[in-house]
Amino acid sequence: MKKIILSAVLLATTIINAQEAVTVSMGAGYTDEVYVDLSNQTTNSYEAANWDIAFLRENPQDMGIRVNDGVGIQVFEVANDPSAFDTVDVANEASWNPLYNDDTNWDNGAFMQGSATYGWGEYNPVTHVVEGSVVFVLKYADGTYVKFINEAYAAGYTFRFATWSGTAWVNETTQTVSNDDNPDTRYNYFSLINNEAVIAEPAIDAWDFVFRKYTTFLDPPGQYYPVTGALHNPNVTVAQNDETAGAGDPNTLDYLEEINTIGYDWKTFGGTGYDVNSDVAYYVKKSESTVFRVVFTEFEGSSTGNITFNLENVSDLLGFESVTEQVSFGMYPNPTADGQVTIVFENNTTVLEDNVVKIYAMDGSQVFATSVTNNNGFYNKTLDVSILQSGVYMVAFQSGPATITKKLIIK
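Residues numbered from 1 in each chain as written. Predicted model: local features only at pLDDT ≥ 70, side-chain atom pairs only at ≥ 80, totals over all residues. Heavy atoms only, no water.

### Section: the overall build of the chain
Inference 1: Assigned secondary structure in the chain consists of one helix and 31 strands.
Inference 2: For the chain, the C-alpha atoms occupy an extent of roughly 90 × 55 × 35 Å along the three principal directions.
Inference 3: Classification of the 411 residues of the chain by burial places 49% in the buried group.
Inference 4: A separation of at least 24 residues holds for 56% of the contacts in the chain among residues at least 6 apart in sequence.
Inference 5: Per element, the accessible surface of the chain, about 18600 Å² overall, is 46% carbon and sulfur.
Inference 6: Within the chain, one finds 19 positive and 52 negative side-chain charges whose respective centroids are separated by 5 Å. (Helix = DSSP H or I, 4+ residues; strand = E, 2+ residues; numbered from the N terminus. Buried < 20%, exposed > 50% of the residue type's maximum accessible area, 1.4 Å probe, protein only. Contact = heavy atoms within 4.5 Å. Areas by Shrake-Rupley, 256 points an atom, 1.4 Å probe, with all protein chains shown as cover. Lys, Arg positive; Asp, Glu negative; His and termini not counted. Charge placed at Lys NZ, Arg CZ, Asp CG, Glu CD.)

### Concerning the sheet that holds strand β4 (residues 53–56)
Inference 1: Read from one edge to the other, the open sheet built from four strands follows the order β5-β4-β14-β15, with strand pairing classed as antiparallel. Of all strands in the sheet, those bounded by a partner on one side alone are β5 (65–67) and β15 (196–198). On average, each strand axis in the sheet is inclined to that of its neighbour by 30 degrees, with strand direction left out of account. (Pairing = 2+ DSSP bridges. Axes fitted to C-alpha atoms, helices over the stretch in contact; angles between N-to-C directions.)

### Things to note about the environment of valine 67
Inference 1: When you line up the elements, valine 67 lands in strand β5.
Inference 2: Judged by its relative accessible area of 3%, valine 67 falls in the buried class.
Inference 3: With 294 residues separating them along the chain, valine 67 and alanine 361 place their C-alpha atoms 54 Å apart.

### Digging into the pattern of salt bridges
Inference 1: Going through the model one piece at a time under the given rule, you end up with 12 salt bridges.
Inference 2: Two residues, glutamate 33 and arginine 212, come together in a salt bridge whose shortest N-O distance is 3.6 Å. Within this pair, whereas glutamate 33 is found in strand β2 (residues 32–37), its partner arginine 212 is found in strand β16 (residues 209–218), the two being separated by 179 residues in sequence.
Inference 3: Relative accessible area serves as the criterion here: at 3%, glutamate 33 is assigned to the buried category.
Inference 4: By relative accessible area, arginine 212 is classed as buried at 4%. (Salt bridge = Lys/Arg side-chain N within 4 Å of Asp/Glu carboxyl O.)

### So, the nonpolar core
Inference 1: By size, the foremost hydrophobic cluster in this structure holds 44 residues, and its most contacted members are Phe55, Phe111, Leu138, Phe148, Phe159 and Leu192.
Inference 2: Within the residue set of this core, elements represented by two or more residues are β4, β5, β10 (135–139), β11 (145–153), β12 (156–164), β14 (187–191), β16 and β17 (223–232).
Inference 3: One finds Met26, Val238, Val276 and Phe292 within the second-largest nonpolar core, a separate group that totals 25 residues. (Core = buried A, V, L, I, M, F, W, Y, C linked by side-chain atoms within 4.5 Å.)

### Side note on the pairing of β16
Inference 1: Within β16, eight of the 10 residues are buried, which leaves it mostly tucked inside the rest of the structure.
Inference 2: The turn joining β16 and β17, which pair antiparallel and follow one another in sequence, is formed by four residues; a positive phi near 80 degrees is taken by glycine 222.

### Some details on the sheet that holds β2
Inference 1: Spatially, β3-β2-β16-β17 is the arrangement adopted by the four strands of the open sheet, whose pairing is antiparallel. One side of each edge strand has no neighbouring strand; the edge strands of this open sheet are β3 (42–47) and β17. Across the sheet, the mean angle separating the axes of adjacent strands is 35 degrees when strand polarity is ignored.
Inference 2: Looking at chain direction, β2 and β3 are connected through six bridges and run antiparallel. Residue aspartate 32 lies in a different strand from β3, and its bridge partner there is glutamate 47.

### Some remarks on the packing of aromatic side chains
Inference 1: Evaluated as defined, the whole model comprises 31 aromatic pairs.
Inference 2: Ring plane angle 65 degrees and centroid distance 5.1 Å describe the contact between phenylalanine 269 and tyrosine 274, whose orientation is recorded as edge-to-face.
Inference 3: Through pairs of rings, three or more aromatic residues link up here, namely Tyr30, Phe209, Phe211, Trp266, Phe269, Tyr274, Tyr282, Phe296, Phe299 and Phe309.
Inference 4: Cation over ring: lysine 267 sits above phenylalanine 299, and NZ or CZ is 5.0 Å from the ring centre. (Phe/Tyr/Trp six-rings, centres within 6.5 Å; stacked < 30°, edge-to-face > 60°. Lys NZ or Arg CZ within 6 Å of the ring centre and 35° of its normal.)

### Some thoughts on the environment of alanine 54
Inference 1: One can find alanine 54 in strand β4.
Inference 2: Linking alanine 54 and glycine 109, residues 55 residues apart in sequence, is a C-alpha distance of 8.9 Å.
Inference 3: Look past the residues within four positions of alanine 54 in its chain and what remains in contact with it is Gly64, Ile65, Arg66, Tyr187, Asn188 and Tyr189.

### Quick look at unusual backbone geometry
Inference 1: Geometrically, the link from aspartate 219 to proline 220 is a cis peptide bond, its omega value of -5 degrees lying close to zero.
Inference 2: Locating proline 220 in the fold gives a position in the loop between β16 and β17.

### A closer look at the confidence of the model for the chain
Inference 1: Mean pLDDT over the chain works out to 90, with 92% of the residues at or above the 70 mark.
Inference 2: Across residues 1–17, where pLDDT falls below 50, the model places 41 contacts with residues more than four positions away in sequence or in other chains. (pLDDT = per-residue confidence, 0-100.)

### Quick look at the pairing of β17
Inference 1: As defined by bridge partners, β16 adjoins β17 across 10 bridges and the pair is classed as antiparallel. Bridged to valine 210 within β17 is leucine 231.

Here it is as structure tokens:
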């Protein structure tokens, strides 16, 4: 019954929840990583090649180190012995163990895949510091080699690195990146090549997903491969829904935490250009009361890096519930800015009792009441509550002896 009423509500709210076409650009050759905030349709772009390593800084108890795989940097474990840092030989590359970022979890980066207990290091119970035990080598797309060891983690990351000149390791440097830097972001970023910290992401509450290149495991061909797509903010969840038969019900979808739920496979290469699957929608849940529907419509590839998608705020469709086995009820928009609220309800069978809507102030006083039909079918009715002051109210829908109550916000 809920599915029926939601389908009808979706039709009734087409004008209110109009789709908007949004175009963003990663630049020709995918030079930029583009962070998208759906609530206000803003973007933040950062040059993709500006950083090499990202350090999780969210709190002192959590560690995470990622590599910038989107620009073709490969990570290898060379040895699980810190003394081996001084004897790394690039001639032994064939014996090194390749490591990759996890594309389902931001915090499980390539360096966390090493052979130590904490990926790159071991916990010292005396000092209460995780100390580096694994030596890594980063190989860049242009053939540059940088050896790297994260020597310690204690409210920040202290690491040592050097660059292969072709005959020797040069410019050995030790740096520390503090967790206190950039407190509004989840990660701090560092360029080993330029020996400097950089800003490469917006504040954690200022984006929902990022368009970027990243590495994923493809089967077939049975190997890790670079792709271009969207990875979502760890504080949102995403549901993928096949909508060849029409828009879905955001109340009943399976919202996932895996950051690659949107991913890259909403498009396929057709030989001369990309085909976009517009029959698939992605529902991005920012909170229990806020969901956006995203449908991709165009992808121009590396020639421009342009991506177009339709965006629709479907938050008004959340929270429609059954009052009884025979009656369902919901309302939109909520909050309301103009004092007009549409209630939608469905009677599965004709009931003898009247259906009544009552609105109460937070002090418990009744400030509005109206009766609605008890006939079989789907109905909607717009209530004019503009006489009520801005604030929070409780709306009670009563069908016979059964009542359901929902919060209404009037702006």
